[in-house]
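Spelled out, the chains give:
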Amino acid sequence: MKRSYSVAVVGATGAVGTEMVRVLEEREFPVAELRPLASARSAGTEVRFRGDEVRVRELTDRSFEGIDIALFSAGGSVSARFAPAAAGAGAVVVDNTSHFRMEPDVPLVVPEVNPHAIAGYKARGIIANPNCSTIQMVVALKPLHDRARIRRVVVSTYQAVSGTGKRAIEELECQSRELLSFREPTCQVYPHQIAFNCLPQIDVFLPNGYTKEEMKMVNETKKIFEDDSVRVTATTVRVPVFYGHSEAVNVELEEKLTAQEARELLEDAPGVVVVDDPAESLYPLAVDAAGKDPVYVGRIREDESVENGLNLWVVADNVRKGAALNAVQIAEILIREYL
């Protein structure tokens, strides 16, 4: 293990890239050199790191010379082109896009769930970060799956606009102001008004009637759990919240777990905080999860309509645990156990 590492952040000026830089600093990752990379449009701007202003460089095929770890969050097409170049230059890539997630020789990792999979990075020098909505769900489900084995998951999500990026955050803010001023809302990022509305479409529709986001949750959960027998169905919805995804998760288990047993398992699970006191109206809220590391779980109750069923309410900051933090946690295991 080296004392310090050269770290590139691709997409350093975007919502997730900015958070990656912040998390590296907050967690005192041993960075010898931070190399922020972005498009030509953003090159020359600066990001703040450890009290200094670090100049953003234009992303090119030669950007990764001398880099140990490259954190990518600039879109699938950027990762498709530049992640192999980074790996070829000797860096280990942690990619936050969907481009490599389902490729069999690329590990798909949530550190609280399947850290052992990181060892597979040696095949291509790339590790994939799962979808934000998948990450928080599997963190909550892992202890239940280990104890009583999950047969089926039905999940409905309530996803913040920050999952789409900075332009979506600005659109929600702009539309809110327009509507409160009795003006027609301007729709550019989403096909319909998002302010004071819910959109049951995240990403494009596929031939089976599901959206791409929904099928990500289905397929990624199976890969992370290394269990194709787990059945998953999802409905993903964009809601007028800036930060924090919420999920209503229903699970059917092979063995009976009472709500109290599930609560105790979750209280001991890494990365999970249980907030579950209905008598005091205490349950996870997106506004409370924003800017925080954990996955919050509440409304834990037995499903009375099926045998061995449980219902959970799962909330996490999608930009932080759902993206930036998860990537940095992977990098921390990399330097501790592999590099």
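Let us look at the structure shown here. (Residues numbered from 1 in each chain as written. Predicted model: local features only at pLDDT ≥ 70, side-chain atom pairs only at ≥ 80, totals over all residues. Heavy atoms only, no water.)

The subject of this paragraph is the environment of Pro36. Inspection of the secondary structure assignment puts Pro36 in strand β2 (residues 31-38). Here Pro36 falls in the buried class, since its relative accessible area comes to 1%. Between the C-alpha atom of Pro36 and that of Tyr210, which follows or precedes it by 174 residues, the distance is 36 Å. Residues contacting Pro36, with those up to four places away along its chain left out, are Val9, Ala12, Val47, Val54, Arg55, Val56 and Arg57. (Helix = DSSP H or I, 4+ residues; strand = E, 2+ residues; numbered from the N terminus. Buried < 20%, exposed > 50% of the residue type's maximum accessible area, 1.4 Å probe, protein only. Contact = heavy atoms within 4.5 Å.)

The next subject is the pattern of salt bridges. One pass over the full model with this rule turns up 26 salt bridges. Arg149 is paired through a salt bridge with Glu254; the nearest N and O atoms lie 2.4 Å apart. Here Arg149 is found in the loop between α3 (132-148) and β9 (150-159), whereas its partner Glu254 is found in the loop between β11 (245-253) and α6 (259-267), with 105 residues between them in sequence. Of the residues examined, Arg149 reaches a relative accessible area of 28% and is grouped as partly exposed. With relative accessibility at 36%, the residue Glu254 sits in the partly exposed group. Across the salt bridge formed by Glu302 and Lys256, the nearest N and O atoms sit 2.9 Å from each other. (Salt bridge = Lys/Arg side-chain N within 4 Å of Asp/Glu carboxyl O.)

For the rest of this paragraph, the subject is the sheet that holds strand β6 (residues 69-72). One key point about sheets: their strands pair by backbone hydrogen bonds, in either a parallel or an antiparallel sense. The strand order β5-β2-β1-β6-β7-β8 describes an open sheet built from six strands, whose pairing is parallel. Taken across any chain shown, the strands that pair with only one partner, and hence form the sheet edges, are β5 (57-58) and β8 (126-128). Where β2 meets β5, two bridges bridge the pair, whose relative direction is parallel. Bridge pairing in β5 links Ala38 to Glu58. Where helix α2 (residues 76-88) meets the sheet, its contacts fall on β1 (5-10), β6, β7 (92-95) and β8, and the angle it forms with β6 comes to roughly 175 degrees. (Pairing = 2+ DSSP bridges. Axes fitted to C-alpha atoms, helices over the stretch in contact; angles between N-to-C directions.)

Let's shift gears to the pairing of strand β14 (residues 309-316). Within a regular strand, side chains alternate between the sheet's two faces. A large share of β14 lies buried, amounting to seven of its eight residues. Both β11 and β14 contribute to a ladder of eight bridges, which runs antiparallel. Within β14, the residue paired with Glu252 across the bridge is Gly309. In terms of strand pairing, strand β13 (residues 295-303) meets β14 through six bridges, oriented antiparallel. Pairing of Glu302 across the sheet is with Leu310, part of β14. In this structure, the hairpin formed by β13 and β14 is closed by a connection of five residues, where Asn308 is found at a positive phi of approximately 60 degrees.

Turning our attention to the packing of helix α1 (residues 15-26) against helix α8 (residues 320-337). Where α1 contacts α8, the two axes come as close as 9 Å, and the packing angle between them is 50 degrees. Relative to α8, α1 is oriented oblique. As α1 runs across α8, the sense of the crossing is right-handed. Judged by residue contacts, Val16, Glu19, Met20, Val23, Leu24 and Glu26 of α1 engage Arg320, Ala323, Ala324, Leu325, Ala327 and Val328 from α8. Looking at side-chain class alone, the contact of α1 with α8 contains nine nonpolar, no polar and three charged residues. (Parallel < 35°, antiparallel > 145°, perpendicular 65-115°, else oblique. Left-handed = near helix turned anticlockwise from the far one by under 90°. Nonpolar A, V, L, I, M, F, W, Y, C, P; charged D, E, K, R; others polar.)

Taken together, the side chains of Tyr283, Leu285 and Val287 present a nonpolar region at the surface, about 280 Å² in accessible area. Structurally, the position occupied by Leu285 is in the loop between β12 (272-274) and α7 (286-289). Residue classification places Leu285 among the partly exposed residues on the basis of a relative accessible area of 37%. (Patch = residues over 30% accessible without salt bridge, like charges linked within 9 Å, V, L, I, M, F, W, Y side chains within 5 Å. Areas by Shrake-Rupley, 256 points an atom, 1.4 Å probe, with all protein chains shown as cover.)

Okay, the packing of aromatic side chains next. Scanning the entire structure with this criterion turns up three aromatic pairs. Ring geometry for Phe64 against Phe72: centres 5.7 Å apart, planes inclined by 20 degrees, an arrangement best described as stacked. When sorted by exposure, Phe64 lands in the same class as Phe72, which is buried. Ring centres 5.4 Å apart and planes at 55 degrees place the aromatic pair Tyr158 and Trp313 in the tilted group. Of this pair, Tyr158 sits in strand β9 while Trp313 sits in strand β14, placing them 155 residues apart in sequence. (Phe/Tyr/Trp six-rings, centres within 6.5 Å; stacked < 30°, edge-to-face > 60°.)

Geometry only, nothing functional implied.
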